[in-house]
Amino acid sequence: MGDAALAAEADVEAKIDTEAEAGAEVAATTDPTRMWLPESAANLHPFLKLAVAEALRDTTCTEVLYARLNEYRTIYEEPTFTILCKKDYKSTFNKVYHITELDPEYNSRIAQNEATSQLTQGLTAEIESLRQQLVTPEKPSEPTATVELVVPKDEDPNDLSLDLDIEPNAQ
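Residues numbered from 1 in each chain as written. Predicted model: local features only at pLDDT ≥ 70, side-chain atom pairs only at ≥ 80, totals over all residues. Heavy atoms only, no water.

Caption draft 1: Quick peek at the overall build of the protein chain. Each helix and strand in the protein chain was counted, giving six helices and four strands. For the protein chain, the succession of helices and strands along the chain, N to C, is α-α-β-α-β-α-β-β-α-α. Looking at the 171 residues of the protein chain, the share that counts as buried comes to 25%. The long-range share in the protein chain, meaning contacts at least 24 apart out of those at least 6 apart in sequence, stands at 56%. Surface accessibility of the protein chain: about 12700 Å² in total, with carbon and sulfur atoms responsible for 54%. (Helix = DSSP H or I, 4+ residues; strand = E, 2+ residues; numbered from the N terminus. Buried < 20%, exposed > 50% of the residue type's maximum accessible area, 1.4 Å probe, protein only. Contact = heavy atoms within 4.5 Å. Areas by Shrake-Rupley, 256 points an atom, 1.4 Å probe, with all protein chains shown as cover.)

Caption draft 2: Summary view of the sheet that holds strand β3 (residues 80–88). What the four strands build is an open sheet, ordered β1-β2-β3-β4; its pairing is mixed. At either end of the open sheet lies a strand with only one pairing partner, and these are β1 (35–36) and β4 (91–98). As defined by bridge partners, strand β2 (residues 63–69) adjoins β3 across six bridges and the pair is classed as antiparallel. Residue pairing in the sheet places Arg68 in a bridge with Thr82 of β3. Helix α3 (residues 45–57) rests against β1, β2, β3 and β4 of the sheet, and its axis sits at about 30° to β3. (Pairing = 2+ DSSP bridges. Axes fitted to C-alpha atoms, helices over the stretch in contact; angles between N-to-C directions.)

Caption draft 3: Summary view of the side chain of Asn70. For Asn70, the position within the fold is in the loop between β2 and α4 (71–76). By relative accessible area, which is 12% here, Asn70 ends up buried. Setting aside chain neighbours within four positions, we find Asn70 in contact with Thr80, Phe81 and Thr82.

Caption draft 4: Layout of the pairing of β2. Direction of pairing for β1 relative to β2: parallel, over a ladder of two bridges. Note that in β2 the partner of Met35 across the bridge is Ala67. The handedness of the β1 to β2 crossover, carried by α3, is left-handed. (Right-handed = clockwise from strand over helix to strand, strands pointing away.)

Caption draft 5: Region of interest: a nonpolar patch on the surface. On the surface, a nonpolar cluster with roughly 440 Å² of combined accessible area is contributed by Tyr72, Ile75 and Tyr76. Considering the arrangement of structural elements, one finds Tyr76 in helix α4. By relative accessible area, Tyr76 is classed as exposed at 59%. (Patch = residues over 30% accessible without salt bridge, like charges linked within 9 Å, V, L, I, M, F, W, Y side chains within 5 Å. Salt bridge = Lys/Arg side-chain N within 4 Å of Asp/Glu carboxyl O.)

Caption draft 6: Fine view of the confidence of the model for the protein chain. Per-residue confidence for the protein chain gives a mean pLDDT of 75; residues scoring 70 or more make up 67%. The lowest-confidence element of the protein chain is helix α2 (residues 20–29), averaging 49 in pLDDT; the highest-confidence one is β4, averaging 92. (pLDDT = per-residue confidence, 0-100.)

Caption draft 7: Representation of a negative patch on the surface within the structure. A contiguous patch of negative charge, built from Asp154, Glu155, Asp156 and Asp159, is present on the exposed surface. Tracing the backbone through its elements, the reader meets Asp154 in the segment after α6 (106–135). (Lys, Arg positive; Asp, Glu negative; His and termini not counted. Charge placed at Lys NZ, Arg CZ, Asp CG, Glu CD.)

Caption draft 8: Local environment of α3. Taking 1.5 Å as the rise per residue, α3 with 13 residues should run 18 Å; its terminal C-alpha atoms sit 19 Å apart, in good agreement. Every buried residue belonging to α3 is among Pro46, Phe47, Leu48, Leu50, Ala51, Val52, Ala53, Ala55 and Leu56, and all of these are buried. (Expected span 1.5 Å × (residues − 1).)

Caption draft 9: Summary view of the side chain of Glu78. Considering the arrangement of structural elements, one finds Glu78 in the loop between α4 and β3. There is a polar contact of 2.7 Å between the side chain of Glu78 and the side chain of Thr100. Apart from the residues lying within four places of it in its own chain, the contact partners of Glu78 are Arg73, His98, Ile99 and Thr100. (Polar contact = N/O pair within 3.5 Å; in protein donor to acceptor, adjacent residues only side chain to side chain.)

Caption draft 10: Highlighting the pattern of salt bridges. Under the criterion given, the structure shown has four salt bridges. In this structure, the salt-bridge partner of Glu54 is Arg57, at a minimum N-O distance of 2.6 Å. One end of the pair, Glu54, and the other, Arg57, are both in helix α3, three residues apart, so they sit about a helical turn from each other. The partly exposed category is assigned to Glu54, whose relative accessible area is 30%. In this structure Arg57 comes out as partly exposed when scored by relative accessible area, which is 39%.

And the structure:
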């Protein structure tokens, strides 16, 4: 899933760049240390930024206090982000975003990239097998029968003529 996620990450990066207004809001109001992802999900960082930008579009969310990957939902459903928003000086609320809400084509791109990756891995295994055969050629199998050359003893070894018994065609 690593390669597929990296491809999806590049697409989201482009989407975030086109949403300059939302990106400016995220940069102005959200401290990057408040956005948390486990190291194993670092490839989802652009989606987390997109979730923060989406939360800030809500007029009741004046500031993002904390943004993280919801690991429980991610394991059982799809990658999901929880954003803790500040409403006013004494109240907060959570917003939950599924990755397909942020990027509707995410699952199709992941499936397409995984299919390409599996094809590449299959070819790679076949190529590796051929490479191993070239590097360490198989030993020829031991002969199962012996062939003896029978040379008549009374013949001249320097005689190069063929001793063929040709029978005339029976007509």
